[in-house]
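Here is how the chains run, residue by residue.
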Amino acid sequence: MLETATRLMQAGATPSVSEVAEAAEVSRATAYRYFPSQAALVQAVVDEGLGPILTWKSASVDPERRVAELFDTAMPRIEAFEATFKAALKLSLDQWARQQAGTLGGEPAFTRGHRIDLLKDAIAPLKNRLPPREFKRLAQALSLIFGVEVLIVLKDIWGLDSRKMMSVAQWAAGALVRAAVMESMTEGHRSAPATATE
């Protein structure tokens, strides 16, 4: 069923559990035993699409290098499963709209958030160098340029090809890390006690 759901989402659909059951030629009862809701189904397909991104690790202690390595691992994979991630984003937006309209009911929400842990891990060497608020802010800023939303902005809106899209994303990520480190160093210098001179 997961293979069928992945095929449907890679074709641009956001299938219901019933639709996947029909396409996979299994009973709805069987399908719902595996995936009790559309959110659970889509989450399973998304995790399958993310694949090696979820187990990404870096041996580097340089935060800028670590972020670059994460982008090198993640963005080609995200682009390869672009249709799947866009379908998942569509479900998230649709649920938000129905919640605003009061028509979501008791349907389980599709939650997103893998990027939070991934980006915090990438900048982990800065945890003892940046105040907690600034560390969190850097992770939040990086999340703006990590994920399928980057493809929507740089490919769909700006019309960039894969190479240029990756170049812009990597440049922005590196600039954010360097800016956070520089800002922290500047603030640390300002707050340092003045030494008496003879």
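Given the structure is predicted, the values throughout are model-derived calculations rather than measurements.

Here is what the cut-offs are and how they apply
Residues numbered from 1 in each chain as written. Predicted model: local features only at pLDDT ≥ 70, side-chain atom pairs only at ≥ 80, totals over all residues. Heavy atoms only, no water. Helix = DSSP H or I, 4+ residues; strand = E, 2+ residues; numbered from the N terminus. Buried < 20%, exposed > 50% of the residue type's maximum accessible area, 1.4 Å probe, protein only. UniProt positions renumbered as here; feature names shortened; annotations may be inferred. Core = buried A, V, L, I, M, F, W, Y, C linked by side-chain atoms within 4.5 Å. Contact = heavy atoms within 4.5 Å. Phe/Tyr/Trp six-rings, centres within 6.5 Å; stacked < 30°, edge-to-face > 60°. Salt bridge = Lys/Arg side-chain N within 4 Å of Asp/Glu carboxyl O. 1 Å grid on protein atoms, 1.4 Å probe; cavity = no way out; pocket = protein on both sides within 12 Å on 5 of 7 lines; lining within 4 Å. Points joined across faces, edges and corners; volume = space filled by probe spheres on them. Nonpolar A, V, L, I, M, F, W, Y, C, P; charged D, E, K, R; others polar. Expected span 1.5 Å × (residues − 1).

**Q** Tell me about the overall build of the protein, and name the residues and values.
**A** Counting secondary structure elements, the protein contains 10 helices and 0 strands. In the protein, the succession of helices and strands from N to C terminus is α-α-α-α-α-α-α-α-α-α. Judged by the C-alpha coordinates and their principal axes, the protein covers about 85 × 35 × 30 Å. Residues counted as buried form 38% of the 198 residues belonging to the protein.

**Q** Account for the UniProt feature "DNA-binding region" (unreviewed entry) in the protein, with residues named and values stated.
**A** The sites that UniProt annotates as "DNA-binding region" (unreviewed entry) are residues 16–35. The span residues 16–35 shows a helical share of 75% and a strand share of 0%, and its end C-alpha atoms are spaced 10 Å apart.

**Q** Tell me about the nonpolar core, residues and numbers included.
**A** Counting 53 residues, the largest nonpolar core has Phe-71, Met-75 and Leu-142 as its most contacted members. No other element matches the 8 residues that helix α10 (residues 162–191) contributes to this core. If sequence neighbours within four positions are ignored, Phe-71 has contacts with Pro-76, Leu-119, Ile-145, Phe-146, Met-166, Ala-169, Gln-170 and Ala-173.

**Q** Provide a residue-level description of the packing of aromatic side chains, including the pertinent values.
**A** Ring pairs (aromatic) are described by centroid distance and by the angle formed between their planes. All told, the structure shown has 1 aromatic pair when counted by the stated rule. Both rings, one in Phe-71 and one in Phe-146, keep their centres 5.2 Å apart while their planes meet at 55°; by these two values the pair is tilted. Remark: Phe-146 occurs in the loop between α8 (132–143) and α9 (148–157) and Phe-71 occurs in helix α5 (residues 63–80); sequence separation between them is 75 residues. Given a relative accessible area of 0%, Phe-71 falls into the buried group. Residue class for Phe-146 comes out buried when judged on its relative accessible area of 3%.

**Q** Kindly report on unusual backbone geometry, identifying the contributing residues and their values.
**A** For Glu-25, which is not a glycine, the phi torsion comes out positive at approximately 60°. For Glu-25, the location among the structural elements is in the loop between α2 (17–24) and α3 (28–34).

**Q** Pulling in residues and values, what's your account of the environment of Arg-178?
**A** When you line up the elements, Arg-178 lands in helix α10. Of the residues examined, Arg-178 reaches a relative accessible area of 42% and is grouped as partly exposed.

**Q** An account of the UniProt feature "domain: HTH tetR-type" (unreviewed entry) in the protein is needed here, citing residue identities and associated values.
**A** Residues annotated by UniProt as "domain: HTH tetR-type" (unreviewed entry) correspond here to residues 1–53. Helix makes up 70% of residues 1–53 and strand 0%, whereas the separation of the span's terminal C-alpha atoms amounts to 22 Å.

**Q** Talk me through the pattern of salt bridges; I want residue IDs and the actual numbers.
**A** Note that side chains of opposite charge can pair when their charged atoms are close. Under the defined criterion, the tally for this structure stands at 12 salt bridges. Between Asp-156 and Lys-86 there is a salt bridge, and its shortest N-O distance comes to 2.7 Å. Of this pair, Asp-156 sits in helix α9 while Lys-86 sits in helix α6 (residues 82–101), placing them 70 residues apart in sequence. With a relative accessible area of 25%, Lys-86 lands in the partly exposed category. In this structure, the salt-bridge partner of Glu-107 is Arg-98, at a minimum N-O distance of 2.8 Å.

**Q** Go over the layout of surface pockets, please, and point to the residues and values.
**A** Estimated volume of the largest pocket: approximately 300 Å³. In terms of lining residues, the largest pocket is bounded by 18 residues, among which Val-46, Leu-50, Phe-85, Arg-112 and Arg-115 are the most central. Where the lining of the largest pocket is concerned, the elements lending two or more residues are α4 (38–50), α6 and α7 (114–122). For the lining of the largest pocket, the per-class residue count stands at 11 nonpolar, 5 polar and 2 charged.

**Q** Residue-level account of the side chain of Gln-95, with values.
**A** Mapped onto the elements of the fold, Gln-95 is located in helix α6. When near neighbours in sequence (up to four residues on either side) are disregarded, Gln-95 contacts Leu-104, Glu-107, Pro-108, Ala-109 and Phe-110.

**Q** Describe α4, with residues and values.
**A** Between its first and last C-alpha, α4 extends 18 Å over 13 residues, near the 18 Å set by a 1.5 Å rise per residue. Three or more residues of α4 are buried, namely Gln-38, Ala-39, Leu-41, Val-42, Val-45, Val-46, Gly-49 and Leu-50. Elements that come into contact with the buried residues of α4 comprise α1 (2–10), α2, α5, α6 and α7. Count one or two residues on from α4 and you reach Gly-51, which has phi positive near 50°.

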